[in-house]
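Chain and residue survey
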Amino acid sequence: MSECIGLPEPPPRGAHALPAGTFAGQTVFVTGAGTGLGKAIAEEFARLGAAIVIASRKPEHLDAGRAAIEALGAPVTTVPCDIREPEQIAAAFDAADAAFGLPDVLVNNAAANFPVPAEDMSPNAWRTVVDITLNGTFFCAREFARRHLLASTPGSIVNVGASYAWTGGPGFAHSAAAKAGVKNMVETLAVEWGPYGIQVNGLVPGLFPHEDMTADIQGNLERTSDKDVVQPALRVGRLRELGWAATFLASPYARFVSGHTLVVDGANWQRRSLTNPPVVTVRDQMGKGPFAG
Ligand code: HXC
Ligand code: NAP
């Protein structure tokens with residue numbers, strides 16, 4: 001008899017696969033690390049000895065990120081920064097450099113997203129998401145690489161993506177297009193900057209619910225009853241699982257991995273049904289009435 005047991009739970013929070021001190025003496029710059037997945041990623045680097053730089057817009061997020069890293073006893077500094085603004089990114093790297101030296105690792109985690117039927121999306125809504133998720137990611141990568149090229153030092157970039165980069169994302173046309181650009185950028189930059197010692201990889205989370213999710217994303221999730229049974233793994237991701245993957249990609253043990261995007265989603269993005277369920281429009285999924293112009 002084959003029971004549906006789902007994928008096993010990972011080791012507990014606080015465990016790590018890499019040797020203790022793997023990132024000792026290194027600095028890791030994580031955008032959007034005051035909340036959710038960025039905070040979880042920063043914590044795993046901190047557990048392995050890294051000094052952490054957190055860059056994002058909101059003081060309350062920066063404070064929360066700082067507290068999480070300080071609780072682990074690791075060095076941390078926070079920098080207010082809107083990644084849409086290249087000058088603010090340059091200033092944030094100056095602050096990071098002043099605190100701990102040029103960051104060895106950049107995790108481009110910050111992104112923007114909200115569900116909206118494409119026909120309802122305002123031009124500014126589209127621009128805002130593309131500007132933060134795609135342009136912001138490039139501007140941060142560019143700043144990091146230029147500084148390393150000038151210093152002739154190696155570095156590692158991890159860009160956080162989403163699986164609708166490959167499949168399209170109904171209800172998330174802006175974010176899906178931006179994440180497709182982020183995935184494509186990984187492949188280009190890995191080749192351009194490999195000769196200078198800079199690795200560039202992508203990291204795609206599956207569904208990782210957390211308490212910091214925006215009300216828009218949370219509301220979208222709440223329209224489905226149980227998040228576990230809709231995953232082939234029969235469970236959602238645990239935050240530390242994404243953190244472990246990020247630390248591996250940026251570690252000395254993955255030096256020859258570059259231009260790759262690693263998907264950590266229990267195979268959810270490859271899911272197809274034997275029999276197709278009936279099509280439900282994005283409007284209906286979101287409980288919206290007919291399009292009225
Ligand atoms: C339709 C919306 C909207 C919504 C904003 N807009 N929210 N349109 N539905 N729910 C429109 C606004 O009306 C405006 O257009 C434009 O978007 C810009 O909005 P602002 O509020 O002025 O922008 P800003 O203050 O820069 O804030 C950016 C933001 C915000 C993206 C709108 O939500 C934010 O700061 N998000 C950061 C956190 C985040 O998004 N996390 C999700 C990470 S991705 P008009 O035309 O009115 O001027 C993620 C992936 C999960 O979690 C995937 C699967 C679950
Ligand atoms: P989140 O908690 O909403 O985090 C987004 C972070 O981005 C926030 O900390 C925010 O900080 C920062 N940010 C947004 N706009 C910014 C800007 N203009 N400049 C600087 N920072 C900005 O979302 P999350 O779930 O942790 O998502 C993290 C990453 O995982 C994103 O790339 C997301 O697309 C990806 N992802 C998540 C899931 C999931 O299930 N959670 C699934 C697929 C992909 P401030 O508000 O302080 O600026």
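Sequence order as written defines residue numbering, which begins from 1 separately in each chain. To label them, take the chains in the order written and letter them from A, then take the ligands in the order written and number them from 1. Local features in this predicted model are restricted to residues of pLDDT 70 or higher, and side-chain atom pairs are both shown and tallied only at a pLDDT of 80 or more, whereas totals for entire chains, interfaces and linings draw on every residue. The side-chain quantities take in all heavy atoms of the structure and omit both hydrogens and water.

1. Overview of the packing of aromatic side chains
- Note on aromatic contacts: the rings of Phe and Tyr and the six-membered ring of Trp form a pair at centre separations within 6.5 Å, being stacked when their planes are under 30 degrees apart, edge-to-face when over 60 apart, and tilted otherwise. Taken as a whole, this structure holds six aromatic pairs when the rule is applied.
- Aromatic pair Trp 166 and Trp 269: ring centres 4.8 Å apart, planes at 25°, arrangement stacked. Of the two residues, Trp 166 is situated in helix 5 (residues 164-167) and Trp 269 in the loop between strand 7 (261-264) and helix 9 (282-285); the sequence distance between them amounts to 103 residues.
- Only protein chains enter the calculation, and the probe is 1.4 Å; a residue is then buried if its accessible area is under 20% of its type maximum, exposed if over 50%, and partly exposed in between. According to the relative accessible area criterion, Trp 269 is partly exposed, its value standing at 23%.
- One aromatic cluster is present, formed by Phe 29, Phe 93 and Phe 144 through successive ring pairs. Secondary structure elements are taken from DSSP: a helix is a run of H or I of four residues or more, a strand is a run of E of two residues or more, and numbering for both begins at the N terminus.

2. Some thoughts on the site of ligand 1
- What makes a residue near a molecule or strand is one non-hydrogen atom of that residue sitting within 4 Å of it. In the neighbourhood of ligand 1, 14 residues make up the surrounding shell, with Arg 57, Arg 84, Asn 113, Ser 122 and Asn 124 lying closest.
- Polar contacts here mean pairs of N or O atoms no more than 3.5 Å apart (in protein, one a potential hydrogen donor and the other a potential acceptor; neighbouring residues in sequence count only if both atoms are side-chain atoms). Here an oxygen atom of ligand 1 sits 2.9 Å away from a polar atom, N or O, in the side chain of Arg 84.
- Contact with the protein chains covers 58% of the free accessible surface of ligand 1, which is 1,100 Å².
- Top element by residues in the shell around ligand 1 is helix 4 (residues 123-151). It accounts for three residues.
- For this classification, the nonpolar set comprises Ala, Val, Leu, Ile, Met, Phe, Trp, Tyr, Cys and Pro, the charged set comprises Asp, Glu, Lys and Arg, and every other residue, Gly included, is treated as polar. Among the residues forming the shell around ligand 1, the class breakdown is six nonpolar, five polar and three charged. With residues, only the protein chains shown are counted as cover, and all accessible areas are computed by Shrake-Rupley using a 1.4 Å probe.

3. Side note on the nonpolar core
- Only buried Ala, Val, Leu, Ile, Met, Phe, Trp, Tyr and Cys residues count toward a nonpolar core, and they belong to the same one when joined by side-chain atoms within 4.5 Å. One finds Phe 23, Val 28, Phe 45, Ile 52, Ile 69, Val 107 and Leu 203 to be the most contacted residues of the largest nonpolar core, which totals 30 residues.
- Taken together, the elements giving at least two residues each to this core come down to strand 1 (27-31), helix 1 (36-47), strand 2 (51-56), helix 2 (59-70), strand 4 (105-108), strand 5 (155-160) and helix 8 (239-249).
- Element by element, the count of residues in this core is highest for helix 1, at five residues.
- We call two residues contacting when some pair of their heavy atoms lies within 4.5 Å. Contact partners of Phe 23, with chain neighbours within four places excluded, come to Leu 18, Phe 45, Leu 48, Gly 49, Ala 50, Val 105, Thr 247, Ala 250 and Ser 251.
- Cys 81, Ile 83, Ala 96 and Ile 132 belong to the second largest nonpolar core, which has 27 residues in total.

4. So, the pattern of salt bridges
- The salt bridge definition used is simple: a Lys or Arg side-chain nitrogen within 4 Å of an Asp or Glu carboxyl oxygen. If you walk through the whole model with that rule in mind, you get 12 salt bridges.
- In this structure, the salt-bridge partner of Arg 13 is Glu 43, at a minimum N-O distance of 3.1 Å. Taken together, the residues span a long stretch of sequence, with Arg 13 in the segment before strand 1 and Glu 43 in helix 1 at a distance of 30 residues.
- By relative accessible area, which is 10% here, Glu 43 ends up buried.
- Close ionic contact of Arg 84 with Asp 82 constitutes a salt bridge, the shortest N to O distance being 2.9 Å.
- Of the residues examined, Asp 82 reaches a relative accessible area of 15% and is grouped as buried.
- Shared partners join several salt bridges into a network, and the residues in it are Glu 119, Asp 120, Arg 283 and Lys 288.

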